[in-house]
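Here is what each chain is made of, one letter per residue.
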Amino acid sequence: MEVTNLGPVGAQIDGMDLKSVLDDQEIISEIRKAFIDNSVLVFKNQNLNPSHLLSVAEIIGLPMKHPIFPGLSEHPEIIKIENLGEMYHTNAHWHSDVTFEEEPPDATFLYSLEVPDEGGDTLFSNQFLAYESLADDVKLMLSDKKASHSNASILSLMGADTSNAKRVLHPVFRTHPDSKKKALYVTQAFVEKIEEMDIKKSEDTLAILYSAASKEEFTYRHKWSKGDLLIWDNRSVQHFAEHGYGNKVRTMHRITTSGSKPF
Ligand SMILES: [Fe+2]
């Protein structure tokens, strides 16, 4: 297994046809370790049907159904992501996936079936580095603070009623259960406010945190090719899906795996 570091976050793994290693416990352990060490894994030139993709996802966790978007009829844990046009593109903001759940998914798998020749990059930002970059007094002030996360922004994009939007509280700094490192865990997409803080102070503080979360020096930009599989750790990275491909076809299969309550 050849592992090439991709900069501030992520690693590319070459020389591997994923569907042929699913019974090899030694390689599976190495993939799991690389995932924890690098937060984003890139596998090129894969050829994975939905069953393969589900088996690959099981290397990391239990595939789950998305709480809002319906999945494939025969494989409900897989969401097909297609180009709905820039206006209905839900992912052009920094976020970690589905943080408005009590137990957000640990990992997301995104596999490209068809990609445009330009546009559609996905950016990943290392939230361990974002946390470390904060001033000591900010770390101290927020060490026990929680933020409220809501799905209202997705519901309103879908034109749905936001009066029953879901809200959960998660710590502003999340401890990774494997590495025990702390990561920044507030997202522009889903966070409404920091609890036990007046709204102005919350807004000012979130602006500082969002700036740290999305610094270019903590970021890897992925340019997709057909057959790429990316796996990312929602506990330690945020991502941003650019559009910029007009009406061109871009089709992906996506799976998220089971999570646990952030602490
Ligand atoms: Fe996402």
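Note: the structure precedes this text.
The rules behind each value
Residues numbered from 1 in each chain as written. Predicted model: local features only at pLDDT ≥ 70, side-chain atom pairs only at ≥ 80, totals over all residues. Pairing = 2+ DSSP bridges. Helix = DSSP H or I, 4+ residues; strand = E, 2+ residues; numbered from the N terminus. Axes fitted to C-alpha atoms, helices over the stretch in contact; angles between N-to-C directions. Buried ≥ 20, exposed ≤ 12 C-beta atoms within 10 Å, placed from the backbone. Arc of directions from axis to C-beta. Contact = placed C-beta atoms within 7 Å. Core = buried A, V, L, I, M, F, W, Y, C linked by C-beta atoms within 7 Å.

## Structural notes on the sheet that holds strand 8 (residues 146–150)
Here is step 1 of the chain: In spatial order, the strands read 9-8-12; together these three strands make up an open sheet with antiparallel pairing. The strands lining the two open edges of the sheet, one partner per strand, are strand 9 (167–171) and strand 12 (191–194). On average, each strand axis in the sheet is inclined to that of its neighbour by 30°, with strand direction left out of account.
Here is step 2 of the chain: The pairing of strand 8 with strand 9 spans five bridges and is classified as antiparallel. Looking across to strand 9, one finds that Ala147 is bridged to His170.

## Describing helix 2 (residues 50–57)
Here is step 1 of the chain: Of the positions making up helix 2, those classed as buried are Leu53, Val56 and Ala57. Looking straight down helix 2, one finds its buried side chains confined to an arc of 100°; they lie on one side.
Here is step 2 of the chain: Buried residues belonging to helix 2 abut strand 4 (63–64), strand 6 (107–114) and strand 16 (251–257).

## Looking at the sheet that holds strand 13 (residues 219–222)
Here is step 1 of the chain: Strands sit in the order 13-7-15 across an open sheet of three strands; the sheet is antiparallel. Looking at strand neighbours, the two that pair on one side only are strand 13 and strand 15 (237–241), the edges of this open sheet. Within the sheet, the average angular offset between the axes of one strand and its neighbour, ignoring direction, is 20°.
Here is step 2 of the chain: Pairing analysis gives four bridges linking strand 7 (residues 122–126) to strand 13, with the strands arranged antiparallel. From the neighbouring strand, Thr122 faces strand 13, where its bridge partner is His222.

## Quick look at unusual backbone geometry
Here is step 1 of the chain: A positive phi is found at Ser39, a non-glycine position, where the angle reads about 70°.
Here is step 2 of the chain: Relative to the assigned elements, Ser39 resides in the loop between helix 1 (25–38) and strand 3 (40–43).
Here is step 3 of the chain: You can call Ser39 buried: it has 28 C-beta atoms within 10 Å.
Here is step 4 of the chain: Phi is positive for Val98, which is not a glycine, with a value near 55°.
Here is step 5 of the chain: Note that Val98 resides in the loop between strand 5 (79–81) and strand 6.

## A look at the environment of Lys44
Here is step 1 of the chain: Residue placement: Lys44 occurs in the loop between strand 3 and helix 2.
Here is step 2 of the chain: Take Lys44: there are 13 C-beta atoms within 10 Å of it, and that puts it in the partly exposed class.
Here is step 3 of the chain: Between the C-alpha atom of Lys44 and that of Ser112, which follows or precedes it by 68 residues, the distance is 9.9 Å.
Here is step 4 of the chain: Those residues in contact with Lys44 that sit more than four places away from it in its chain are Asp14, Ser225, Gly227 and Asp228.

## Description of the nonpolar core
Here is step 1 of the chain: Val40, Phe109, Leu184 and Ile231 are the most contacted members of the largest nonpolar core, which has 53 residues in total.
Here is step 2 of the chain: Once residues lying within four places of it in the same chain are set aside, the contact partners of Leu184 are Gln127, Ala130, Tyr131, Phe173, Leu209, Ala212 and Ala213.

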